[in-house]
Amino acid sequence: MLIPCPHCGPREVSEFSYQGDATRTCPELTSTDVKAWYDYVYNRPNPAGPHREYWQHSGGCRAHLIVTRDTRTHEIHDVAFARAALNRAGEQA
Ligand SMILES: [Zn+2]
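Here is what the cut-offs are and how they apply
- Residues numbered from 1 in each chain as written.
- Predicted model: local features only at pLDDT ≥ 70, side-chain atom pairs only at ≥ 80, totals over all residues.
- Helix = DSSP H or I, 4+ residues; strand = E, 2+ residues; numbered from the N terminus.
- Pairing = 2+ DSSP bridges.
- Axes fitted to C-alpha atoms, helices over the stretch in contact; angles between N-to-C directions.

S.K.: Could you give me a rundown of the environment of Gly9, with the residues and numbers involved?
M.R.: Relative to the helices and strands, Gly9 is located in strand β2 (residues 9-12). Once the C-alpha coordinates of Gly9 and His57 are considered, the two residues, 48 residues apart in sequence, prove to be 11 Å apart.

Quick look at the structure:
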């Protein structure tokens, strides 16, 4: 599987480190909703289809990326720097 790093170009997946699910949101830190915290800490969805994930180009430029990958085919739909994607999310809030 090749991941097109926006900085370095297409590189083998062995140069990257999976950093986790990019769709999870943390409950409010002051929340006492036990179910929300339990779901956040222990429950992981296993989606079939396009999924947003954090990856780091640890064997290259070390950039943190958000990769949209189809979990059934490993086709990469989109790659963006995580910082840029997080800034866009902050602007929308
Ligand atoms: Zn890179």
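Okay, back to it.
S.K.: Tell me about the sheet that holds strand β4 (residues 50-56), residues and numbers included.
M.R.: Strand order in the open sheet formed by four strands is β3-β4-β5-β6, and the pairing between neighbours is antiparallel. Only two strands of the sheet have a single neighbouring strand rather than two, namely β3 (17-21) and β6 (76-81). Taken pair by pair, the neighbouring strands of this sheet meet at an average axis angle of 30°, ignoring direction. Pairing geometry for β3 and β4, over four bridges, is antiparallel. What sits directly across from Ser17, in β4, is Gln56.

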